[in-house]
Amino acid sequence: MFRGSIPALITPFRDGAVDEKALVDLVNWHVDEGTHGIVAVGTTGETPTLTHEEHEHVIELCVKTAAGRIPIIAGAGSNNTEESVRLMRFAKKVGAEAALVVTPYYNKPNQRGLYHHYRALHDAVEIPIIIYNIPGRSVIDMTPATMGELARLPRIIGVKDATGDITRVSDTRIACGADFMQLSGEDASALGFNAHGGVGCISVVANIAPRLCVEFQEAMLEGDYAKALDYQDRLMPLHRAAFAEPNPCPTKYALSLLGKCTEEVRSPMVPLEDATKERMRAAMRHAGLLN
């Protein structure tokens, strides 16, 4: 259902508030650049510091702006099952095509708890669910075996895998079947991820270089890994620079250089150090985005 280059969209701010004009312009820009889909209000969208009202407003505005031209996947994860149900119901109501649901963070459920969490979400709301497995942030790792049990449910359609372990793709194919959609959640290893059986990337760097990321993913979907490797070489400094300081601070700075939004982030995020700014500018020049 979803494949290719899918940016985890930043949430632009101006003077402390969501910059609605910049958000609308970003969605339209991604449509024009050929982006295959958008995740609204994921971690890159600074969901931890958005109010519930802002969270919902951003999703609804993205859906309305996209107007069916590209699919919108709504961030709907929580470490509270009932809260996640509420977010999923809202996503369905406003017309999002799927919900991205992170493994519950902080309270650290075991594998049985993970199964029951996602089973409850599946049974509560008729919207496709993409599991978001990111042990580095949530401190728990859903095993391929647990994912295989969940993959039997008709509306659990895939995973955003941010483990950084490309061999996990093969284990997941065995546990979940070849039709279970696997999307990388880690830009730098997306090339190897797709070679193992992935079909795309929910990407941070696609915020900065949407056209390049689209062409990179399309080369792999066509089986042209030699061409994809050329794109990887061009994009790799951007992958490194985008995570030189906490996400999405470097990405927002890069977008400010492109005139797309301010570099404003919400506390506890802080603006970039000068050395990181220069690193990002150099990476953008390497990718051909700046002179």
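Refer to the structure above for everything that follows.
Residues numbered from 1 in each chain as written. Predicted model: local features only at pLDDT ≥ 70, side-chain atom pairs only at ≥ 80, totals over all residues. Heavy atoms only, no water.

Here we look at the overall build of the protein
Move 1: Along the protein, the regular secondary structure elements total twelve helices and ten strands.
Move 2: Its C-alpha radius of gyration of 18 Å places the protein within 12% of the 19 Å reference for a compact globule of 291 residues.
Move 3: Across its three principal axes, the protein shows a C-alpha extent of roughly 50 × 45 × 35 Å.
Move 4: When burial is assessed residue by residue, the protein has 55% of its 291 residues classed as buried.
Move 5: Considering only contacts in the protein between residues 6 or more positions apart, those separated by 24 or more positions represent 72%.
Move 6: Surface summary for the protein: the accessible area is close to 12000 Å², and the carbon and sulfur share equals 50%.
Move 7: Charge centroids of the protein, computed over 29 positive and 36 negative side chains, lie 2 Å from each other. (Helix = DSSP H or I, 4+ residues; strand = E, 2+ residues; numbered from the N terminus. Rg over C-alpha atoms; globule rule 2.2 N^0.38 Å. Buried < 20%, exposed > 50% of the residue type's maximum accessible area, 1.4 Å probe, protein only. Contact = heavy atoms within 4.5 Å. Areas by Shrake-Rupley, 256 points an atom, 1.4 Å probe, with all protein chains shown as cover. Lys, Arg positive; Asp, Glu negative; His and termini not counted. Charge placed at Lys NZ, Arg CZ, Asp CG, Glu CD.)

Considering the packing of aromatic side chains
Move 1: With the rule as written, the count across this model stands at zero aromatic pairs.
Move 2: Looking at Lys-260, its charged tip hangs above the ring of Trp-29, at a distance of 4.3 Å from the centre.
Move 3: Above the ring of Phe-13, the side-chain terminus of Arg-266 is found at 4.3 Å from the ring centroid. (Phe/Tyr/Trp six-rings, centres within 6.5 Å; stacked < 30°, edge-to-face > 60°. Lys NZ or Arg CZ within 6 Å of the ring centre and 35° of its normal.)

Some words on helix H4 (residues 111–124)
Move 1: The terminal C-alpha atoms of H4, which comprises 14 residues, lie 20 Å apart, in line with the 20 Å expected from a rise of 1.5 Å per residue.
Move 2: Here H4 starts with a cap whose side-chain oxygen sits 3.2 Å from the backbone nitrogen of Arg-112, and that cap is Asn-110. (Expected span 1.5 Å × (residues − 1). Polar contact = N/O pair within 3.5 Å; in protein donor to acceptor, adjacent residues only side chain to side chain.)

Some remarks on the sheet that holds strand E1 (residues 4–7)
Move 1: Taken in spatial order, the eight strands of this open sheet run E1-E10-E9-E8-E7-E6-E5-E4, and their pairing is parallel. A single partner strand is all that each edge strand has here, and the edge strands are E1 and strand E4 (38–40). Strand-to-strand twist across the sheet, computed as the mean angle between neighbouring axes with direction ignored, equals 30°.
Move 2: Here E1 pairs with strand E10 (residues 200–203) via four bridges, running parallel. By the bridge assignment, Ile-6 is partnered in E10 with Ile-202.
Move 3: Of the strands in this sheet, E4 and strand E5 (72–75) touch helix H2 (residues 52–66), which is tilted by about 180° from E5.
Move 4: Its contacts with the sheet put H4 on strand E6 (98–102), strand E7 (129–133) and strand E8 (156–161), and the angle it makes with E7 is roughly 160°. (Pairing = 2+ DSSP bridges. Axes fitted to C-alpha atoms, helices over the stretch in contact; angles between N-to-C directions.)

Some thoughts on the environment of Val-41
Move 1: Tracing the backbone through its elements, the reader meets Val-41 in the loop between E4 and H2.
Move 2: Residue class for Val-41 comes out buried when judged on its relative accessible area of 3%.
Move 3: The spatial distance from the C-alpha of Val-41 to the C-alpha of Asp-233 is 29 Å, given a sequence separation of 192 residues.
Move 4: The residues contacting Val-41, other than those within four sequence positions of it, are Thr-47, Leu-50, His-55, Val-58, Ile-59 and Gly-75.

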